[in-house]
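# Examining the three-dimensional arrangement
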Amino acid sequence: MNRRLVLGIVLGTTSQLCGVGLLLTSAWLIVRAAEHPPVLYLMVAIVSVRFFGVGRAVFRYGERLQTHHVALTRMIDDRVSAYRHLDRAAPAGLPRQRRGDIINRVVSDVTVAQDALLRIRLPWIYALTSSTAVIVLLAWVSPAAGLIVTGHVALCLAAARWGVARAVRADAGDAASARSAMSAESAALAFTSRDLVACGATDTFTRLTHAAIATQQRSQRRTGWAAGAGGALVVLFTGAATALIALTAGQPHPVMAGVLLLSPVALLEGLLAVVEAERLRPAVRVARARLDQLAGLRSPVVAPLDPVGVPSGDDLVLTGVVAGWTTELTEPVTTTLRRGRVIGLTGPSGVGKSTLAMTLVKLIPPRAGTLALGGVDLRQLDGEAVRSIVGLCGQDDVLFDTTIRENLRVASPHADDEAMKAALARVGLGPLLRRMPAGLDTSVGTHGTALSGGERQRLVMARLLMADRRVLLFDEPTEHLDHEAAELLLADILALRHDHAIVLISHSPDVLAACDHVVVLERPVAPLAIGVRDRALSTT
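Here we summarise the structure given alongside this text.

### Considering unusual backbone geometry
- Notably, Lys362 is not glycine yet its phi reads approximately 60°, a positive angle.
- For Lys362, a relative accessible area of 10% corresponds to the buried category.
- One non-glycine residue, Asp468, lies in positive phi territory at about 60°.
- As for its placement among the helices and strands, Asp468 is situated in the loop between helix H15 (453–466) and strand E7 (471–475).

### Thoughts on empty space enclosed by the protein
- Tallied over the full model, the rule gives 3 cavities of 30 Å³ or more.
- Its volume calculated, the largest cavity comes out at about 80 Å³.
- Lining the largest cavity are Leu318, Val333, Thr335, Leu337, Ile343, Leu345, Leu356, Leu360 and Val503.
- Of all the elements in the fold, those that place two or more residues in the lining of the largest cavity are strand E2 (333–337), strand E3 (342–346) and helix H10 (353–360).
- Broken down by element, the lining of the largest cavity gets its largest block of residues, 3 residues, from E2.

### What to know about the packing of helix H1 (residues 3–33) against helix H4 (residues 115–141)
- Two elements in contact, H1 and H4, have axes whose closest approach is 9 Å; the angle formed by their N-to-C orientations is 45°. By the angle between their axes, H1 is oblique relative to H4. By crossing handedness, the relation of H1 to H4 is classed as right-handed. Counted together, Leu5, Gly8, Ile9, Gly12, Thr13, Gln16, Leu17, Val20 and Leu24 of H1 and Leu117, Leu122, Ile125, Tyr126, Thr129, Ser130, Ala133, Val134 and Leu137 of H4 form the full contact between these two elements.
- Within the contact of H1 with H4, the residues separate by chemical class into 12 nonpolar, 6 polar and no charged.

### Digging into the sheet that holds E3
- In space, the 5 strands of this open sheet follow the order E6-E7-E8-E3-E9, with parallel pairing throughout. The sheet terminates laterally at strand E6 (390–393) and strand E9 (517–520), the two strands that pair on one side only. Each strand axis lies, on average, 20° off the axis of its neighbour in the sheet, ignoring direction.
- Where E7 meets strand E8 (residues 501–505), 5 bridges bridge the pair, whose relative direction is parallel. Following the sheet pairing, Val471 is matched in E8 by Ala501.
- Strand contacts of H15: E6 and E7, with the helix running at about 170° to E6, the strand carrying the most contacts.

### Brief notes about the pairing of strand E1 (residues 316–322)
- The buried count for E1 comes to 5 of 7 residues, which makes it a mostly enclosed element.
- Bridge analysis of E1 against E2 gives 4 bridges, and the strand direction is antiparallel. Bridge assignment links Leu318 to a residue of E2, and that residue is Thr335.
- Of the pairings in the sheet, the one linking E1 to strand E4 (residues 368–373) comprises 5 bridges and is antiparallel in character. Directly across from Val322, in E4, lies its bridge partner Ala368.

### Some words on the pattern of salt bridges
- Summed over all chains, the structure comprises 18 salt bridges.
- Note that Arg119 is salt-bridged to Glu276, the shortest N-O span being 3.3 Å. Within this pair, whereas Arg119 is found in helix H4, its partner Glu276 is found in helix H9 (residues 268–295), the two being separated by 157 residues in sequence.
- Here the salt bridges share partners, and the residues they tie into one network are Asp115, Arg119, Glu276 and Arg279.

### Structural notes on the sheet that holds strand E5 (residues 376–377)
- Reading across from one edge, E2-E1-E4-E5 is the order of the 4 strands in this open sheet, with antiparallel pairing throughout. The outermost strands of the open sheet, each flanked by one partner alone, are E2 and E5.

### Points about a negative patch on the surface
- On the surface, a cluster of negative charge is made up of Asp482, Glu484, Glu487 and Asp510.
- Relative to the assigned elements, Glu484 resides in helix H16 (residues 483–494).
- Residue Glu484 is classed as exposed on the basis of its relative accessible area, which comes to 58%.

### Focus: helix H8 (residues 254–266)
- Between its first and last C-alpha atoms H8 spans 19 Å; for 13 residues at 1.5 Å apiece the expected length is 18 Å, and the two agree.
- Within H8, burial applies to Val255, Gly258, Val259, Leu260, Ser263, Pro264 and Ala266.
- Packed against the buried residues of H8 are H1, H4, helix H5 (143–191), helix H7 (202–248) and H9.

### Focus: the packing of helix H2 (residues 43–89) against helix H3 (residues 99–113)
- Their axes nearest at 9 Å, the elements H2 and H3 cross at an angle of 160°. Compared by their axis directions, H2 and H3 come out roughly antiparallel. In the crossing of H2 with H3, the sense of the turn from one axis to the other is right-handed. Contacts between H2 and H3 involve Met75, Asp78, Arg79, Ala82, Tyr83 and Leu86 from the first element and Ile102, Val106, Val107, Val110 and Thr111 from the second.
- Classifying every residue of the contact of H2 with H3 by side-chain character gives 8 nonpolar, 1 polar and 2 charged.

The rules we used
- Residues numbered from 1 in each chain as written.
- Predicted model: local features only at pLDDT ≥ 70, side-chain atom pairs only at ≥ 80, totals over all residues.
- Heavy atoms only, no water.
- Buried < 20%, exposed > 50% of the residue type's maximum accessible area, 1.4 Å probe, protein only.
- Helix = DSSP H or I, 4+ residues; strand = E, 2+ residues; numbered from the N terminus.
- 1 Å grid on protein atoms, 1.4 Å probe; cavity = no way out; pocket = protein on both sides within 12 Å on 5 of 7 lines; lining within 4 Å.
- Points joined across faces, edges and corners; volume = space filled by probe spheres on them.
- Axes fitted to C-alpha atoms, helices over the stretch in contact; angles between N-to-C directions.
- Parallel < 35°, antiparallel > 145°, perpendicular 65-115°, else oblique.
- Left-handed = near helix turned anticlockwise from the far one by under 90°.
- Contact = heavy atoms within 4.5 Å.
- Nonpolar A, V, L, I, M, F, W, Y, C, P; charged D, E, K, R; others polar.
- Pairing = 2+ DSSP bridges.
- Salt bridge = Lys/Arg side-chain N within 4 Å of Asp/Glu carboxyl O.
- Patch = residues over 30% accessible without salt bridge, like charges linked within 9 Å, V, L, I, M, F, W, Y side chains within 5 Å.
- Areas by Shrake-Rupley, 256 points an atom, 1.4 Å probe, with all protein chains shown as cover.
- Lys, Arg positive; Asp, Glu negative; His and termini not counted.
- Charge placed at Lys NZ, Arg CZ, Asp CG, Glu CD.
- Expected span 1.5 Å × (residues − 1).

Here you go:
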């Protein structure tokens, strides 16, 4: 067990015992002082009250430092693990996951899952420890009182564990589902707001969001009532135990009467913490189950057991490669990409051009045929090795709502300003950068909205160059640009051919005319026809 955790449990237990000792010692001191003994008879109790009062706070502070360090470290590990699971499964492994739900799992569920230690396990440990100490003390002073407190503790723990936890179990799942739906609908509303407003369809998403909020409110309200009822039962049991001790304790020494009567009250704080722990337990279990679902996402690409290192060459050879997701597949493609060549890839919409590009960077596996990079079969390379050579610039690549500098650092975290300016100049953004007063510290806005369409595309290209990839894939680079802007961007892309192998996916005749070779994809074929129609497409 983690040494910090052990130390934290020891400090927390000591703090809890100090709280119990403070109340019971105070009770003894008050009763004894009423007898007006010499003050020296009270010195031990007085010092004990001071020690327990100060020690309770000091030990609790130390416990918080240690246990929260452990819990927050675990939370960081869980969040990093969640990112790694998503990275492994993306993009083909996330077909049914909504963006808002994924964010909710990585953020909210990880935060809730950390409560398993701080707010469930530790309260149980402290409550059991302090209860045992009080019961042992009472068994020595008054066996009858010890039995009553034992029954009192058992009833309170049973009410919390099998009453409160069962009452909120169903609501925990409903609340998690509602929270996930609310996050998903809110994210969808935010990302599609302009289109929804243009089409007058905002009411639908607003109703869905409000419905999820209402469901979550109902679940939280029922959970609150269950926890409140559990706390009320603990208080009721505490009062009943105190009354029973008063009736059955016989004639104890007057000084010990206060100790016996307040012993159930001394345990009240720890038992109420257990009720709160059981209120949270179902929610923690649901959050952990949702995180386990992320861990169970399958990677679309099988990693090699003994991967080969990054190859020295950068020729990408396709031999009868068929790409696709499930049922719709591309025609087999045979061609070679090498430095200095520009190959065009075209075909009707939906034929699988972007899917083939994702196959070339090993984000999804080929459905048939073989791929070789630098003379090494892609099946012998892990995805990171492939993507260290082959880079993809997609149609909707993300620009983060931060500065130009930080967007470029995504590809090269340690790059200096000169390297960034050189990359921007290579894609034609040098004049724009000089016109901007803030230079590299200029904000690009949400999704790059502070830039024009051509400028966004060029910035994505600059980021790809910063990553120092030798094979560059551009998916519809001139889409949505006017003729003049498209020509300028195409010229900047073609200027990269001397140092890179380039693939241009496009419908534009002007783009395809600038390519050395063009591969034309036909309509997808049925999966069963792959073995029959194993032919290479001709290049023109």
